[in-house]
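Residues per chain, in single letters:
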Amino acid sequence: MYYSKHNKKIIYINHYSGLLEVEGKGPLVKEDAEVWPESDKNWAREYNTLSFTEGITAIGEGYFESFPRIWCLILGRTVESVSVSPELEKKLRKNKVLIRGEYNTFAEKFAQEKGLKFLHCDIPLAEDDIEMAHEHDIITLRFHLNGSAEIHYNCFTPGSSAGSYGGGEYANELPKKFYVGCTVEKFANIFNERVREQIMSNEMFRRFLDAANSRETKK
């Protein structure tokens, strides 16, 4: 985890998968890419996916230049502007950078304006605690560029020795255009009772269903 030297409210959460989550409130500026604890000057080269969570409102010019290996940008629904220089805009297109976010938000508009591919962001659906098995599952609706979608389970269980953890991952592929005519209630019934209420109250998923079905009716 890193903190911006310029604004201590900006937090970077690093993942081994090449994902770097950016949390905070308000706009980001170029200086926010300088972090502490002190790290290698090329620390940002380790990441190819930047995810700006809700609370971040804008990304200023010069910020992205600190992340030369980016191929995917995930923009939270609170992001309302992204400033890029003409040179960076050309680089984004050349590298075929993927823009992800919710439908009908700035993320989709930005992708269209810059001639970049857009893919709806993955949707965290629920977290399931299975007490009998001492298991904790994180359930996510994932989308892929080929048009497919799946329900992904990231399972955490106690390991075979003290201080270790087991578990694993698996996914169930969904039918093509599973969302057509689907309601939150119908979708929630796919799952066990422990998580249905979480899915029923999932506003991001509800927004996705409304937007996806609205687009189908306009075709």
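The rules we used
- Residues numbered from 1 in each chain as written.
- Predicted model: local features only at pLDDT ≥ 70, side-chain atom pairs only at ≥ 80, totals over all residues.
- Heavy atoms only, no water.
- Helix = DSSP H or I, 4+ residues; strand = E, 2+ residues; numbered from the N terminus.
- Rg over C-alpha atoms; globule rule 2.2 N^0.38 Å.
- Buried < 20%, exposed > 50% of the residue type's maximum accessible area, 1.4 Å probe, protein only.
- Contact = heavy atoms within 4.5 Å.
- Areas by Shrake-Rupley, 256 points an atom, 1.4 Å probe, with all protein chains shown as cover.
- Phe/Tyr/Trp six-rings, centres within 6.5 Å; stacked < 30°, edge-to-face > 60°.
- Pairing = 2+ DSSP bridges.
- Axes fitted to C-alpha atoms, helices over the stretch in contact; angles between N-to-C directions.
- Expected span 1.5 Å × (residues − 1).
- Polar contact = N/O pair within 3.5 Å; in protein donor to acceptor, adjacent residues only side chain to side chain.

**Digging into the overall build of the protein**
Counting its secondary structure elements, the protein contains 5 helices and 15 strands. For 219 residues, the compact-globule formula gives about 17 Å, and the C-alpha radius of gyration of the protein, at 19 Å, lands near that figure. Referenced to the eigenvectors of the C-alpha coordinate spread, the extents of the protein come out at roughly 55 × 50 × 30 Å. Scored against the burial criterion, the 219 residues of the protein give a buried share of 44%. For the protein, the proportion of contacts with a sequence separation of at least 24, taken over those separated by at least 6, is 46%. In the structure as shown, the protein presents an accessible area of about 12,800 Å², 50% of it carried by carbon and sulfur atoms.

**Details of the packing of aromatic side chains**
If you walk through the whole model with that rule in mind, you get 21 aromatic pairs. Plain terms: the ring middles of Phe52 and Phe64 are 6.0 Å apart, the flat faces sit at 80 degrees to each other, and that makes the pair edge-to-face. Of the two residues, Phe52 is situated in strand S6 (residues 49-52) and Phe64 in the loop between strand S7 (56-59) and strand S8 (72-75); the sequence distance between them amounts to 12 residues. The exposure class assigned to Phe52 is buried, which follows from its relative accessible area of 1%. Using a relative accessible area of 6% as the deciding quantity, one classes Phe64 as buried. A ring pair is formed by Phe178 and Phe208, whose centres lie 6.1 Å apart and whose planes are at 25 degrees; its orientation type is stacked. You can see Phe178 sitting in the loop between strand S15 (165-173) and helix H3 (184-188) and its partner Phe208 sitting in helix H5 (residues 203-218), a full 30 residues away along the chain. For the pair formed by Phe178 and Phe208, the shared burial category is buried. An aromatic cluster is present here, built from Tyr103, Phe118, Phe143, Phe178, Tyr179, Phe187, Phe191, Phe205 and Phe208 joined pairwise through their rings.

**Considering the sheet that holds strand S11 (residues 118-120)**
Read across the open sheet, the 8 strands follow the order S5-S1-S2-S3-S6-S8-S10-S11; overall the sheet is mixed. Single-partner strands in this sheet number two, and they are strand S5 (35-36) and S11. The sheet contact formed by strand S10 (residues 98-101) and S11 spans 3 bridges and is parallel. Directly across from Gly101, in S11, lies its bridge partner His120. Against the sheet, helix H2 (residues 106-114) engages S8, S10 and S11, with an angle of about 160 degrees to S10.

**Things to note about H5**
Each α-helix turn comprises 3.6 residues. Residues three or four places apart therefore point the same way. When the terminal C-alpha atoms of H5 are compared, their 23 Å separation across 16 residues agrees well with the 22 Å that a helix rising 1.5 Å per residue should span. Restricting attention to buried positions, one finds in H5 the residues Phe205, Phe208, Leu209, Ala211, Ala212, Asn213 and Glu216. On its buried face, H5 sits against S11, strand S12 (123-130), strand S13 (135-143), H3 and helix H4 (193-200). Where H5 starts, the residue carrying a side-chain oxygen 3.2 Å from the main-chain nitrogen of Met204 turns out to be Asn202.

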